[in-house]
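So you can see what is in the structure, the chains are spelled out below.
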Amino acid sequence: GENVEQHPSTLSVQEGDSAVIKCTYSDSASNYFPWYKQELGKGPQLIIDIRSNVGEKKDQRIAVTLNKTAKHFSLHITETQPEDSAVYFCAASSHNFGNEKLTFGTGTRLTIIP
Amino acid sequence: NAGVTQTPKFRVLKTGQSMTLLCAQDMNHEYMYWYRQDPGMGLRLIHYSVGEGTTAKGEVPDGYNVSRLKKQNFLLGLESAAPSQTSVYFCASSYVRGARTDTQYFGPGTRLTVL
């Protein structure tokens, strides 16, 4: 089955600096890669996703890059703000109809230092 | 539109007791999922359902049972709770567009402690 590794497990950055979180996956059939943000006491919420037919996707201060050859993808947050402090999870999935399952990484706790 | 809701929010059980966690969604999603979240281990899939009346095992199904009698509800049961089942449980749902699933939407979670 799929295995997703996520690094680092904790990350502290100064407000205004950039943060990068990296994930690798094992199943070459995976073609959907979402990123979730989880705030304290809440459920994960999708912040951005990418499918295997694109190499990069941006949404304001957030971007995700995908390298299918190397089987890794990354989340980039620019101009970080205190509200970016949370736990971030990457995930991978292959779209086999009737068998869609996400495999999650172990999470990165991001702390923005004011 | 409440999205995905979970009942209860917190629960404390003694070893051997049973309970049912309820998940409800009002988005008319076909797929529903139950995950558990433990420190340092991310989210692990327990069981999932691709439609009313169907269920399937995920990564960590032992000790749990599920039922999907109605499209909007997905129940997770613990027949005989064990301390190893102390965790935070999340339900999620997603829509299917053709042969491709959409985003998974998560509920707020249920924090379960088994003594």
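Residues numbered from 1 in each chain as written. Chains lettered and ligands numbered in written order. Predicted model: local features only at pLDDT ≥ 70, side-chain atom pairs only at ≥ 80, totals over all residues. Heavy atoms only, no water.

**Q** So what exactly am I meant to see when it comes to the state of the cysteines here?
**A** The bond known as a disulfide is covalent and runs between the sulfur atoms of two cysteines. For the coordinates displayed, the defined rule picks out two disulfides over all chains. In this model, C23(A) is linked to C90(A) through a disulfide, with the two sulfur atoms separated by 1.9 Å. Sign of the S-S torsion, about -100 degrees for the bond between C23(A) and C90(A), identifies this disulfide as left-handed. One end of the pair, C23(A), is in strand β3 (residues 19–25); the other, C90(A), is in strand β9 (residues 86–92), with 67 residues separating them in the sequence. Summarising the burial analysis for this pair, C23(A) and C90(A) share the class buried. Two residues, C23(B) and C91(B), share a disulfide whose sulfurs are 1.9 Å apart. (Disulfide = S-S within 2.5 Å. Helix = DSSP H or I, 4+ residues; strand = E, 2+ residues; numbered from the N terminus. Buried < 20%, exposed > 50% of the residue type's maximum accessible area, 1.4 Å probe, protein only.)

**Q** I'm lost on the sheet that holds strand β7 (residues 65–67) of chain B in this one. Help?
**A** Across a sheet, strands are paired by hydrogen bonds formed along the backbone, either parallel or antiparallel in direction. Residues and elements named next belong to chain B. Ordered by their spatial adjacency, four strands build an open sheet running β1-β3-β8-β7, and the pairing between neighbours is antiparallel. Each edge of the open sheet is held by one strand with a lone partner, namely β1 (4–7) and β7. The sheet shows a mean angle of 20 degrees between the axes of neighbouring strands, direction not considered. When strand β3 (residues 19–25) meets strand β8 (residues 73–78), the two strands line up antiparallel, connected through six bridges. Following the sheet pairing, M19 is matched in β8 by L78. (Pairing = 2+ DSSP bridges. Axes fitted to C-alpha atoms, helices over the stretch in contact; angles between N-to-C directions.)

**Q** Sorry, what's going on with the packing of aromatic side chains here?
**A** Here the distance between the centres and the angle between the planes together describe a pair of aromatic rings. Counted under the stated rule, the structure contains 13 aromatic pairs over all chains. Consider the rings of Y35(B) and F106(B), whose centres lie 5.5 Å apart with planes at 35 degrees: the pair is tilted. Taken together, the residues span a long stretch of sequence, with Y35(B) in strand β4 (residues 31–37) and F106(B) in strand β12 (residues 105–106) at a distance of 71 residues. Through pairs of rings, three or more aromatic residues link up here, namely Y36(A), F104(A), Y31(B), Y33(B), Y35(B), Y48(B) and F106(B). (Phe/Tyr/Trp six-rings, centres within 6.5 Å; stacked < 30°, edge-to-face > 60°.)

**Q** What is the right way to read the environment of Q17(B) from this model?
**A** Residues and elements named next belong to chain B. By the element assignment, Q17 lies in the loop between β2 (10–13) and β3. Assessed through its relative accessible area of 36%, Q17 is described here as partly exposed. Separated by 21 residues in sequence, Q17 and D38 have C-alpha atoms that sit 21 Å apart. When sequence neighbours within four positions are dropped, the list of residues in contact with Q17 reads L78, E79, S80 and A81. Here K14 takes part through its backbone nitrogen, which lies 2.7 Å from a polar atom of the side chain of Q17. (Contact = heavy atoms within 4.5 Å. Polar contact = N/O pair within 3.5 Å; in protein donor to acceptor, adjacent residues only side chain to side chain.)

**Q** Would you explain the sheet that holds strand β8 (residues 72–77) of chain A in this entry?
**A** All names here are of chain A. Across the sheet, five strands lie side by side as β1-β3-β8-β7-β6; this open sheet has antiparallel pairing. Strands at the two margins of the open sheet, each flanked by one partner only, are β1 (4–7) and β6 (56–59). For this sheet, the mean inter-axis angle between neighbouring strands, taken without regard to orientation, is 15 degrees. Alignment of β3 against β8, held across six bridges, turns out to be antiparallel. In the strand pairing of β8, A19 is matched with I77.

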